[in-house]
Structures are given as C-alpha cells and as structure tokens.
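# Inside the fold
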Amino acid sequence: MRKASRLFEIIQILRLARAPVTAAAMAAQLEVTVRSIYRDIVALQAMRVPIEGGRGIGYILRPGFTLPPLMLTVEETEAIVLALALLERTGDRELRQAAKQVNRKIAAAVPAPLSATFSANALHAWGRAAPVPEAVDFAMVRRAIRDEQTLSLDYRDELGRSTERVIRPIALIYYSQTANIVGWCELRQAFRNFRADRVEDCVPADGFFTGQGDALRRLWVEGWQTDAGRGTGQSPDDAT
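Residues numbered from 1 in each chain as written. Predicted model: local features only at pLDDT ≥ 70, side-chain atom pairs only at ≥ 80, totals over all residues. Heavy atoms only, no water.

### Focus: the environment of A135
For the record, the criterion: Numbering of helices and strands starts at the N terminus; helices are DSSP runs of H or I of at least 4 residues and strands are runs of E of at least 2. By definition in these notes, contact holds between two residues if any of their heavy atoms fall within 4.5 Å.
For A135, the position within the fold is in the loop between helix 6 (112-119) and helix 7 (138-147). Along the backbone, A135 and V203 are 68 residues apart, and their C-alpha atoms lie at a distance of 9.4 Å. Aside from chain neighbours lying at most four places away, what touches A135 is V199, E200, D201 and C202.

Right, dumping it as structure tokens:
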C-alpha cells in the first residue's frame, strides 16, 4: 500500500474507533510493519491531524476532526484521472468541458500527494476523439433523460431511408466513433438504438414519461442481457 493511501486508511480507522487503537492493530489491518505505523502517525501529526496517544496505549483521533470533502486513495485518484481522460474522446462538448472542470476542482480539494496525480500527465486514454454530431445536442439529450421528456427525431438509417420517430430516451452509449441514443420508440413499441451521426434533427417533444425511466432501463438491460446470452446482442444501429 502506498504511503498516501495508508495515511488515509489510518485516519479512517481512528475515526471509526470507539477506543484507542494500537499501532500493532493498525499494522495488522493494513498489512504493514508496526514501525511503519509509528512513522505514519508522526507524519500525520506533523500535518496537524489531531492524533493523540502513544506506544503501548494506542491512539485516538480527537473529536471534531473532519476529513476534506474529497479524501481519496491513490488508486481511486488514478481511476478518476483515467475516466476523465476517456471523456475527452467523446463527441459530447459539455461533458468534455465538465471533465476539465472536475479535474481542476478535485486537484484543488485533495491533499498535495494526491493532487500531484492530476497534474502529472502520466495516464492517458489513447485514440482519436469521436466527431461532434452536427444535429444532436448531447446536453439536451442527457437533460431529456433526466427530465423523462420525449424526443422527436428525424433519422436516416444505414440504407439512407428517412424516418420520423418519437422516443422516450433512457440512455446514451458512447462509442469510439459515435454515440447511440437508446429509447423506447413509440412507433415500433420497442427499444431502439439511434446512431447520433445518422440523426438529422433532434428536438424535445411535448410529452413526458414521468416516473417510467428506471423501469424502462431495467427492461432494456434485461433484454440486452438475454440477447447477449443468446449470442445475438444489440447492433450499434437498431432503429428499424
């Protein structure tokens, strides 16, 4: 376990403890030596973490101490860095901008050993970014999913055939080259996937499906899992 992660875990152990915790007990839980725990306690006290106690009697965290809103392990920090990097590959302008803002906010909120991970530029998501679709505002689609509002689509399939659909949007699937809008199609009375790069117009419709979003997503996931188990799966373009 890296030192930054270990310091965090020691604070967590002491916060949850109802009685003094010995260095030996913490060492056993974290699978390190007792000497390492003693050094870590000294380091935390130097950072003004109010730990009291001593060898042989155990340690406590003085009441009133709270952790920063974002206290992450190194591994959790790296997971966030990579996830934010992957967002840069989507065609969603708003999410890409949000990823940059999140990076800055977390780097400012976490302690120095962790904030360095955000500026180290050591983790990358390689590959070409997906093009931004001309006719789809992903921010509007995500808002419609949250608000459970229907969408009106003008769509052209892989054979060039045009169709107009009203859908209940329930999910967005981001691929490396495009994104799919998943929705319950009121024309077909079934779930359909609509490739964003084949959508010619996408605007909010007048209807709402308030309270149905979670149930529709469960049905969609169950159907997808059933198809995957049969070896069929859903095609990237399933809007027929």
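Moving on from the model shown.
### As for helix 5 (residues 93-109)
We count it as follows: The span one expects for a helix is its residue count, reduced by one, times 1.5 Å. Classification of residues uses two cut-offs on accessible area relative to the type maximum, computed with a 1.4 Å probe and protein chains only: under 20% is buried, over 50% is exposed, and between them is partly exposed. Relevant arc is that of directions from the helix axis to the C-beta atoms, nothing else. Whenever a nitrogen or oxygen atom comes within 3.5 Å of another N or O atom, the pair is scored as a polar contact, on the condition that within protein one atom can donate a hydrogen and the other can accept it, and that pairs from neighbouring residues in sequence are kept only if both atoms are in side chains.
Given a rise of 1.5 Å per residue, 17 residues ought to cover 24 Å, and the 25 Å separating the end C-alpha atoms of helix 5 matches this to within 8%. Here helix 5 has its buried residues at L95, A99 and I106. For helix 5, the buried positions fall inside an angular range of 55 degrees around the axis, keeping them on one side. Within helix 5, the exposed residues directed more than 90 degrees away from the buried face are R93, R104, K105 and A108. Its side-chain oxygen at 3.3 Å from the backbone nitrogen of E94, D92 defines the N-terminal cap of helix 5.

### Regarding the pairing of strand 2 (residues 58-61)
Note the cut-off: Strand pairing follows a simple DSSP-based rule, namely that at least 2 bridges must link the two strands.
Across four bridges, strand 1 (residues 51-54) lies against strand 2 in antiparallel orientation. Across the sheet, E52 pairs through a bridge with I60, a residue of strand 2. Counting the residues in the hairpin turn of strand 1 and strand 2 gives three residues, including G56, whose phi is positive at 90 degrees.

### Comments concerning unusual backbone geometry
For R48, which is not glycine, the phi torsion reads 70 degrees and is therefore positive. For R48, a relative accessible area of 77% gives the class exposed. Of note, E148 is a non-glycine position whose phi angle comes to about 55 degrees, a positive value. Following the sequence through the fold, E148 ends up in the loop between helix 7 and strand 3 (149-156).

### A look at a positive patch on the surface
Note the threshold: Patch membership is restricted to residues that have no salt bridge and whose relative accessible area is over 30%. Joining uses 9 Å for like charges and 5 Å for the nonpolar side chains Val, Leu, Ile, Met, Phe, Trp and Tyr. The accessible surface values rely on the Shrake-Rupley method and a 1.4 Å probe; as for residues, cover is taken only from the protein chains in view. Whenever Lys or Arg places a side-chain nitrogen within 4 Å of a carboxyl oxygen from Asp or Glu, that contact is recorded as a salt bridge. Only four residue types enter the charge count: Lys and Arg as positive, Asp and Glu as negative, with His and the chain ends excluded. To locate a charge, take NZ of a lysine, CZ of an arginine, CG of an aspartate or CD of a glutamate.
Taken together, the side chains of K3, R35, R39 and R55 present a region of like positive charge at the surface. Within the element layout of this structure, K3 appears in helix 1 (residues 3-16).

### A look at the sheet that holds strand 4 (residues 162-174)
Heads up, the condition is: Helix axes are fitted to C-alpha atoms over the stretch in contact, other axes to C-alpha atoms as well, and angles between N-to-C directions run from 0 to 180 degrees.
A sheet is described by the order of its strands in space; here five strands give the open sequence 6-5-4-3-7, paired in antiparallel fashion. Pairing within the sheet leaves two strands with one partner each, and these edge strands are strand 6 (190-195) and strand 7 (199-208). Averaged over all adjacent pairs, the angle separating strand axes in this sheet is 45 degrees, with direction ignored. With seven bridges connecting them, strand 4 and strand 5 (residues 179-185) associate as antiparallel partners. Its bridge partner being in strand 5, L172 is matched across the sheet by I181. On the sheet, helix 7 packs against strand 3, strand 4, strand 5 and strand 7 and is oriented at approximately 80 degrees with respect to strand 4.

### A word on the pattern of salt bridges
Under the defined criterion, the tally for this structure stands at nine salt bridges. Between D92 and R142 there is a salt bridge, with the nearest N and O atoms lying 3.0 Å from each other. Remark: R142 occurs in helix 7 and D92 occurs in the loop between helix 4 (74-87) and helix 5; sequence separation between them is 50 residues. A salt bridge links R156 to E200, with the shortest nitrogen-to-oxygen separation between them at 2.7 Å. One end of the pair, R156, is in strand 3; the other, E200, is in strand 7, and 44 residues separate them in sequence. If you follow the salt bridges from partner to partner, you end up with D92, E94 and R142 in one network.

Any functional reading would require information that these geometric values do not contain.
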